[in-house]
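Spelled out, the chains give:
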Protein chains: 2
Amino acid sequence: MSLVVQKYGGSSVATAERIKRVAERIVATRKQGHDVVVVVSAMGDTTDELMDLASQVAPVPPARELDMLLTSGERISNALVAMAIQSLGAEARSYTGSQAGVITTSVHGKARIIDVTPGRIREALDAGQIALVAGFQGVSQDTKDITTLGRGGSDTTAVALAAALEADVCEIYTDVDGVFTADPRIVPDAQKLDSITYEEMLEMAASGAKVLMLRCVEYARRYGVPVHVRSSYSDLEGTIVTGSMEDQAVEQALITGVAHERGEAKVTVTAVPDHPGVAGRIFRVIADAEIDIDMVVQNVSRAAEGRTDITFTLPKDDGPRAVAALEAKKAEIEFDQIVYNDHVGKISLIGAGMRSHPGVTATFCEALAEADVNIDIISTSEIRISVLVRDVELDKAVQALHRAFDLGGGDEAVVYAGTGR
Amino acid sequence: MSLVVQKYGGSSVATAERIKRVAERIVATRKQGHDVVVVVSAMGDTTDELMDLASQVAPVPPARELDMLLTSGERISNALVAMAIQSLGAEARSYTGSQAGVITTSVHGKARIIDVTPGRIREALDAGQIALVAGFQGVSQDTKDITTLGRGGSDTTAVALAAALEADVCEIYTDVDGVFTADPRIVPDAQKLDSITYEEMLEMAASGAKVLMLRCVEYARRYGVPVHVRSSYSDLEGTIVTGSMEDQAVEQALITGVAHERGEAKVTVTAVPDHPGVAGRIFRVIADAEIDIDMVVQNVSRAAEGRTDITFTLPKDDGPRAVAALEAKKAEIEFDQIVYNDHVGKISLIGAGMRSHPGVTATFCEALAEADVNIDIISTSEIRISVLVRDVELDKAVQALHRAFDLGGGDEAVVYAGTGR
């Protein structure tokens, strides 16, 4: 007998009818002989509706109370799914994140999981019951207040429970069929991947792929939980996220896919003194404003003047704040000016195989040149090449790369060891 | 500094606008220098809407899950009120019944409070915060599951907290101005009582007065908590429920008021053998069906035949079930037939003074006779006379009694010691 953890998102349980469909799926899984734990998000737009109610009574709702309010959504959906399961003849019990032993930090709205002690869940499973656990929430270790986990919180709850219960798999049910070689809305012949390593999925998630949040993949990787991303609308197999690049066969697919991100802006701090400490000062200002940075590029330039430019990307929404924060510290940082550009798009090519294949970078740049796409900045990791281009050229660039690496249609992109990178 | 517990019902917090009005009232109370604890019911029709959702996913929702579902309503309203209070500049924290230390039995849907250990509430008050507590709920002492308290649960929560915290008063905010000498919709010149003893309020509640539930009054009486029933739409003083009849001055008002109940039916079990054990058998059958009985009347009758009739009243909704249960045991009970009548109305005259005034019963019956109302059965307690009449004559009877005892308009009904009963 194996243990399966399933997670269903808000649209999967948006109505009474869909709740019953999800319950049928859960009972079917149980009938196959598995122990089943299910994490359910709030129904449909419940979270948004509650946020709206909150804003009607208070312009700046206090974070602790917002968490007390929002967690009602998951409580409602999990209780309803449990009821639906029972009416199909199987035993089910719902639990809050707190009751399930999800222990977190005290930061309301974006708490992090410190530990998971799912004693009550284990007891329920031993009693033959299906356990429903409210996602997106936990209880603070220090204050004993209820906390919410921020974006991707329900996925993270599911993976964390799977890790703590040593589940055989964590199934994430979503509205796409799995992880694709590129966004099918941009590249019609994008293919669904049968499997992808944790590291590649991390890069995909960090590069703009929306199907799984970075934190959830990182948690799965750390504890070795296989994550099966699949559609809640069919029985098709999705994409299994598991395994490490080191485990991969020598003859491995070179490239996994192309991810893109439209939500970033670029900031260039020009002509800063090129000596130790300057970069630190810049990024401390940004960090103090609680802004996350993505790409960072500093090149040798203007060496004769002893000055250089530092460029970084960040979420567009944080752009104006970052610029203001830097302008306020112009004297200390001693830059010439801040150049801000929010009409950029980021494209990333990801693949474990690129480590051992030196031709990839060349193919990458040639493909973009042929598509008449100009590269603004380049940044790479061991298994990823990311560039910033003009946002209006993003779709064209994604398609060009997808084609250049044979990721579409019938042919899998496989380049064997021996070809140079 | 005193401690005030306030309770607001669902209609008081049905919209964002009303929530803000309630928050203003709470903050005003705090600004007078009191410690304030507030119990809030779910917004408007939330509980009914959740019940409806439940019935859509399961024909017979399991009780444990129903409690998990329904308690979301109070969680939402209390968090919103706390937010509204904070935006007015005062500190507030909301708590579930479990967090507030409301410990109950394990009977889902109608759990009883076993104990209240409000440590976290006390801490919040000591820190200068207003504490919001979700009403209608607690946590089971045995199973640690969340429970709901059944009808009147929020009022009971408020009184229980007031008792545990040794509050100076428990204010129940409702949509009427207080406790009246009769239902103002039947008797236009009914008067608001300034005060009423626990025992009289118990009788009023047991006799059909809907303003406070019996259990809540009993809890208040047991712990000596003064309960102030008042309107949430004005600043008028309402009715204080406090004190015992023994404390009352010798010169006391004779009659407090007239209560009525339309929701009962009458069952007569005819010609049962008049010997020990028969009545017990009848009421055990009813008890096993989990039906509550109100009035019980057995008179000496048909003595020559050694048989008697037993009559009792019960909620109309339970009538058919009770009759069926009795018919099923006809052989054991040996009755002749069951006579069922659901076109009855119950009227009760209540007053601490009637113990020492023998003329009341006579005045009572004469008033009804003058109004041409026939009395079906009579049942009394030390401070109450109840009769069953035809339901279509109920209004007329209430008005007649209210007039006969001078309960209306400018004159209070005061009959001094010395006049016989």
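Definitions and cut-offs
Residues numbered from 1 in each chain as written. Chains lettered and ligands numbered in written order. Predicted model: local features only at pLDDT ≥ 70, side-chain atom pairs only at ≥ 80, totals over all residues. Heavy atoms only, no water. UniProt positions renumbered as here; feature names shortened; annotations may be inferred. Axes fitted to C-alpha atoms, helices over the stretch in contact; angles between N-to-C directions. Helix = DSSP H or I, 4+ residues; strand = E, 2+ residues; numbered from the N terminus. Parallel < 35°, antiparallel > 145°, perpendicular 65-115°, else oblique. Left-handed = near helix turned anticlockwise from the far one by under 90°. Contact = heavy atoms within 4.5 Å. Nonpolar A, V, L, I, M, F, W, Y, C, P; charged D, E, K, R; others polar. Expected span 1.5 Å × (residues − 1). Buried < 20%, exposed > 50% of the residue type's maximum accessible area, 1.4 Å probe, protein only. Pairing = 2+ DSSP bridges. Buried area = accessible area lost by both parts, 1.4 Å probe. Salt bridge = Lys/Arg side-chain N within 4 Å of Asp/Glu carboxyl O. Polar contact = N/O pair within 3.5 Å; in protein donor to acceptor, adjacent residues only side chain to side chain.

By the naming in an unreviewed UniProt entry, chain A is Aspartokinase, taken from Nakamurella leprariae. Chain A has a UniProt comment under Sequence similarities (unreviewed entry) that states "Belongs to the aspartokinase family." Under Function (unreviewed entry), UniProt gives the following word-for-word description of chain A: "Catalyzes the phosphorylation of the beta-carboxyl group of aspartic acid with ATP to yield 4-phospho-L-aspartate, which is involved in the branched biosynthetic pathway leading to the biosynthesis of amino acids lysine, threonine, isoleucine and methionine."

*Asks:* Would you mind going over the packing of helix α8 (residues 278-288) of chain B against helix α9 (residues 319-328) of chain B with me for this structure?
*Replies:* For any two helices packed against each other, one specifies the inter-axial angle together with the distance between the axes. All names here are of chain B. α9 packs onto α8 with a crossing angle of 130° between their chain directions and a minimal axis gap of 9 Å. Classified by the angle their axes make, α8 and α9 are oblique. α8 and α9 meet at a crossing whose hand is right-handed. For the pair α8 and α9, the contacting residues are Ile282, Val285 and Ile286 in the first and Ala322, Ala325 and Leu326 in the second. The residue makeup of the contact of α8 with α9, split by class, is 6 nonpolar, no polar and no charged.

*Asks:* What am I meant to see in helix α5 (residues 153-164) of chain A here?
*Replies:* In an α-helix there are 3.6 residues to a turn, and that puts residues three or four apart on one side. All names here are of chain A. Given a rise of 1.5 Å per residue, 12 residues ought to cover 16 Å, and the 16 Å separating the end C-alpha atoms of α5 matches this to within 8%. Extensive coverage of α5 is indicated by the burial of 11 of its 12 residues. Looking at α5, one finds that the buried residues are Gly153, Ser154, Asp155, Thr156, Thr157, Ala158, Val159, Ala160, Leu161, Ala162 and Ala163. A positive phi of about 55° marks Glu166, the residue just after α5.

*Asks:* Which parts of the structure should I look at to understand the UniProt feature "binding site: substrate" (unreviewed entry) in chain A?
*Replies:* Residue and element names in this part refer to chain A. In this numbering, the UniProt entry assigns the feature "binding site: substrate" (unreviewed entry) to Thr47 and Glu74. In sequence the annotated residues extend across 28 residues, while in space they remain close, none of their C-alpha pairs exceeding 8.8 Å. With respect to the helices, strands and loops of the structure, Thr47 is situated in helix α2 (residues 46-57). By relative accessible area, which is 24% here, Thr47 ends up partly exposed. In this view, Thr47 contacts Ala42, Leu70 and Glu74; residues no more than four positions away in its chain are not counted.

*Asks:* Hey, could you run me through the sheet that holds strand β17 (residues 338-341) of chain A in this one?
*Replies:* Two modes of strand pairing occur in sheets, parallel and antiparallel, and in both the strands are linked by backbone hydrogen bonds. Residues and elements named next belong to chain A. Spatially, the 4 strands line up as an open sheet ordered β15-β16-β14-β17, and their pairing is antiparallel. For this open sheet the edge positions go to β15 (296-298) and β17, each flanked by a neighbour on one side alone. Adjacent strand axes in the sheet meet at a mean angle of 15°, parallel and antiparallel pairs treated alike. Relative to β17, strand β14 (residues 264-273) runs antiparallel, the two sharing 4 bridges. Bridging from a neighbouring strand, Val267 pairs with Tyr340 of β17.

*Asks:* What is the right way to read the interface of chain B and chain A from this model?
*Replies:* A common way to express how large an interface is: the accessible area buried when the components associate. Opposite the 40 residues of chain B that make contact, chain A presents 40 residues. Here chain B packs against chain A, burying approximately 3200 Å² in sum over the two surfaces, 64% of which is carbon and sulfur. Together, Val57(B), Arg75(B) and Met83(B) form the three largest contributors to the area buried by chain B at its contact with chain A, with a combined 23%. Viewed at the interface, chain A and chain B are joined by 2 salt bridges. Here Asp145(A) ties to Arg120(B) by a salt bridge, and the two come within 3.0 Å at their closest N and O atoms. The interface formed by chain B and chain A includes 14 residue pairs in polar contact (both at pLDDT 80 or more). Counting only elements with at least two residues in the side of chain B that touches chain A, the list comes to α1 (16-31), α2 (46-57), α3 (63-87) and β3 (92-95) of chain B.

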